[in-house]
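# Observations on chain architecture
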Amino acid sequence: MKVILVNGSPHKDGCTFTALAEVAKALNEEGIDTEFFHLGTKPLNGCIACGHCRKHQRCVFSDPVNEFLDLAQEADGFVFGSPVHYAAAGGAITSFLDRVFYTDSGSGQQAFYLKPAAAVVSARRAGTTASLDQLNKYFTIKEMPIISSKYWNMVHGNTPEEVRKDEEGLQIMRTLGRNMAWFLKCKEAGIKAGIPFPSQEEGLRTNFIR
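Below you will find a few notes about this structure. (Residues numbered from 1 in each chain as written. Predicted model: local features only at pLDDT ≥ 70, side-chain atom pairs only at ≥ 80, totals over all residues. Heavy atoms only, no water.)

Turning our attention to the overall build of the protein chain. Within the protein chain one finds seven helices and six strands. Listing each helix as α and each strand as β along the protein chain from the N terminus yields β-α-β-α-α-β-β-α-β-α-β-α-α. Computed over C-alpha atoms, the radius of gyration of the protein chain comes to 17 Å, within 12% of the 17 Å expected from 2.2 N^0.38 for 210 residues, which places it in the range of a compact globule. Dimensions along the principal axes, computed over C-alpha positions, put the protein chain at roughly 50 × 45 × 35 Å. (Helix = DSSP H or I, 4+ residues; strand = E, 2+ residues; numbered from the N terminus. Rg over C-alpha atoms; globule rule 2.2 N^0.38 Å.)

This is how it looks when you write it as structure tokens:
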């Protein structure tokens, strides 16, 4: 089994990575493989609602979105990390997730269905809970079980060195990793035992203005 950890910070080895690395360490200790996916520093377009993904099963822009969607098909779980920018998740990961989840829905690939997910945020001081709320909404619309820890998934610090001094924050990351590993093992055991996925209804859409 493998979990992909997405680093939504422009700094490849910064505070967000430091938090994600602690999660990965706990996952590895539980026998779960991990892979890091860094969004990089090049501009990421937001979704332009062009409908290209519905016809071609790919986003119209050739950038990390399509690359990630290819990897997501074979992944078993996900952790998305972001720095806090103005009391919200960073602009890069927001654009990235808008297009990732919209393309997945538009193409009908179902790369995220019933796969566990978690959000991790890093801040110098404040804005963490608002950012977590923002990121978690992507998971709930795709029927992804959200993995929790013993507190909200956040670390504090202005540098990686400061984050490493946030002992409670790092413990939260380790607990998150162990909880995700436990869920993945339970899911695997259920599949092996012949427990089917939930039955699915055809989608319904209700417009409030008629």
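Below, the discussion takes up the packing of helix H4 (residues 91-107) against helix H5 (residues 128-140). Orientation of H4 relative to H5, taken along the N-to-C sense of each, is 10°, at an axis distance of 11 Å. Between H4 and H5, the crossing angle belongs to the class labelled roughly parallel. Where H4 approaches H5, its residues Thr94, Leu97, Asp98 and Phe101 are matched on the opposing element by Gln134, Leu135, Tyr138 and Phe139. For the contact of H4 with H5, the class distribution of residues is five nonpolar, two polar and one charged. (Axes fitted to C-alpha atoms, helices over the stretch in contact; angles between N-to-C directions. Parallel < 35°, antiparallel > 145°, perpendicular 65-115°, else oblique. Contact = heavy atoms within 4.5 Å. Nonpolar A, V, L, I, M, F, W, Y, C, P; charged D, E, K, R; others polar.)

Relative to the assigned elements, proline 196 resides in the segment after helix H7 (167-192). Taking the relative accessible area as the measure of exposure, proline 196 reaches 64% and is therefore exposed. C-alpha of proline 196 to C-alpha of threonine 128: the two residues are 68 residues apart in sequence and 37 Å apart in space. (Buried < 20%, exposed > 50% of the residue type's maximum accessible area, 1.4 Å probe, protein only.)

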